Amino acid sequence: RSSGVGRLMLPPAVLFAPVPLCAWRVGGAALCLLAPHLVLVRNPSPIRMQFPKVTLLAFLGVILNMGLFMVGLQKTEPTEAVLVITTIPVFTYAIAVLMKREEVGPKRILGILLAIAGVVVLVGFHANPEHAIGDLLIMGNALSYAAFLVLAKPMIQKYDPLSLTTWVFLLGALVFIPLGLYT
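Observations concerning the overall build of the chain
And then number 1: Across its full length, the chain holds 10 helices and 0 strands.
And then number 2: When the helices and strands of the chain are listed from N to C terminus, the series reads α-α-α-α-α-α-α-α-α-α.
And then number 3: Buried residues in the chain amount to 39% of all 183 residues.
And then number 4: In the chain, the proportion of contacts linking residues at least 24 apart, taken out of those at least 6 apart, comes to 84%.
And then number 5: When the accessible surface of the chain is summed, it comes to about 10900 Å², and 74% of that surface belongs to carbon and sulfur atoms.

Let's talk about the side chain of Glu80
And then number 1: As for its placement among the helices and strands, Glu80 is situated in helix 6 (residues 78-85).
And then number 2: A polar atom in the side chain of Glu80 sits 3.1 Å from the side chain of Thr76.

Observations concerning the side chain of Gln50
And then number 1: Its location among the elements puts Gln50 in the loop between helix 4 (45-48) and helix 5 (51-74).
And then number 2: Apart from the residues within four sequence positions on either side, Gln50 is in contact with Met155 and Tyr159.

Description of the confidence of the model for the chain
And then number 1: Per-residue confidence for the chain averages 85 on the pLDDT scale, and 87% of its residues sit at or above 70.
And then number 2: In this model, residues 1-7 is a region of pLDDT below 50 whose contacts with residues beyond four sequence positions or in other chains number 9 contacts.

Considerations on the packing of helix 3 (residues 18-40) against helix 5
And then number 1: Where helix 3 contacts helix 5, the axes come no closer than 9 Å and their chain directions differ by 140 degrees. Considering the angle they form, helix 3 stands oblique to helix 5. In this structure, helix 3 meets helix 5 at a crossing whose hand is right-handed. Between helix 3, through Pro18, Leu21, Cys22, Arg25 and Val26, and helix 5, the contact on the second element is made entirely by Val62, Met66, Gly67, Met70, Val71 and Gln74.

Section: the packing of aromatic side chains
And then number 1: Summed over all chains, the structure comprises 1 aromatic pair.
And then number 2: Consider the rings of Tyr145 and Phe148, whose centres lie 5.8 Å apart with planes at 25 degrees: the pair is stacked. Of this pair, Tyr145 and Phe148 both sit in helix 9 (residues 132-158), 3 residues apart, which is roughly one turn of the helix.
And then number 3: Exposure remark for Tyr145: the relative accessible area of 27% places this residue in the partly exposed category.
And then number 4: Under the relative-accessibility criterion, Phe148 is labelled buried at 17%.

Conventions used here
- Position labels on residues start from 1 in each chain and follow its written sequence.
- In keeping with the model being predicted, local features are shown solely for residues with a pLDDT of at least 70 and side-chain atom pairs are shown and tallied solely at 80 or more, while totals for entire chains, interfaces and linings include all residues.
- Calculation of side-chain values draws on the structure's entire complement of heavy atoms; hydrogens and water are dropped beforehand.
- A run of H or I in DSSP becomes a helix once it reaches four residues, and a run of E becomes a strand once it reaches two; helices and strands are each numbered from the N terminus.
- Burial classes: relative accessible area under 20% of the type maximum marks a residue as buried, over 50% as exposed, and values in between as partly exposed (1.4 Å probe, protein chains only).
- In what follows, residue pairs with any heavy atoms lying within 4.5 Å of each other are defined as contacts.
- Method for areas: the Shrake-Rupley scheme with a 1.4 Å probe, in which residue coverage is limited to the protein chains shown.
- Two N or O atoms form a polar contact when they lie within 3.5 Å of each other; inside protein one atom must be a possible hydrogen donor and the other a possible acceptor, and for residues adjacent in sequence the pair counts only when both atoms belong to side chains.
- pLDDT gives the predictor's per-residue confidence on a scale running from 0 to 100.
- Only C-alpha atoms enter the line fits that serve as axes; for helices the fit covers just the stretch in contact. Angles between N-to-C directions range over 0 to 180 degrees.
- Oblique is the label for any angle not covered by the other classes, which are roughly parallel (under 35 degrees), roughly antiparallel (over 145) and roughly perpendicular (65 to 115).
- Handedness of a helix crossing follows the sense of rotation of the near helix relative to the far helix, less than a right angle counterclockwise being left-handed and clockwise being right-handed.
- Centres within 6.5 Å are what make two rings of Phe, Tyr or Trp a pair, Trp counting through its six-membered ring; a difference in plane orientation under 30 degrees is then read as stacked, over 60 as edge-to-face, and the rest as tilted.

Rendered as structure tokens:
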């Protein structure tokens, strides 16, 4: 399923195995972020004091998000995955409302209901029952990323975004690289 530069740069086994591919993606991103982080971030200490929150963000935004997406994509069709991914804004708003970070309004509720109805109609017309597990994994990916977005917002406003992103990817790499080597 991979195309383009990925075919040229990665070993053939990695092109189809989701966990090693995540290890390459997350490890590479962590390295690419670490270089400017070391040069540009003056005081990384405040972010270290928020280690449990940063760990939760890494779990939601990198480990679950990318892991569920890659595994789910192998078990469904890309067109179905794209339709399911459109639920991210709906999940983000719902989580923000549940956490009392957003107000509930009639226009927003109508918009969410229309969005959900649209996804249900489109997925209903195109969904293949054999792809149900993949679609559910992609939905888990969308839900975890939505939770990440809601929880990351105050952290990004308080701390250096480069520092936060670097730490999130470094922690994700600590999970994916050993798993990628094992599988």
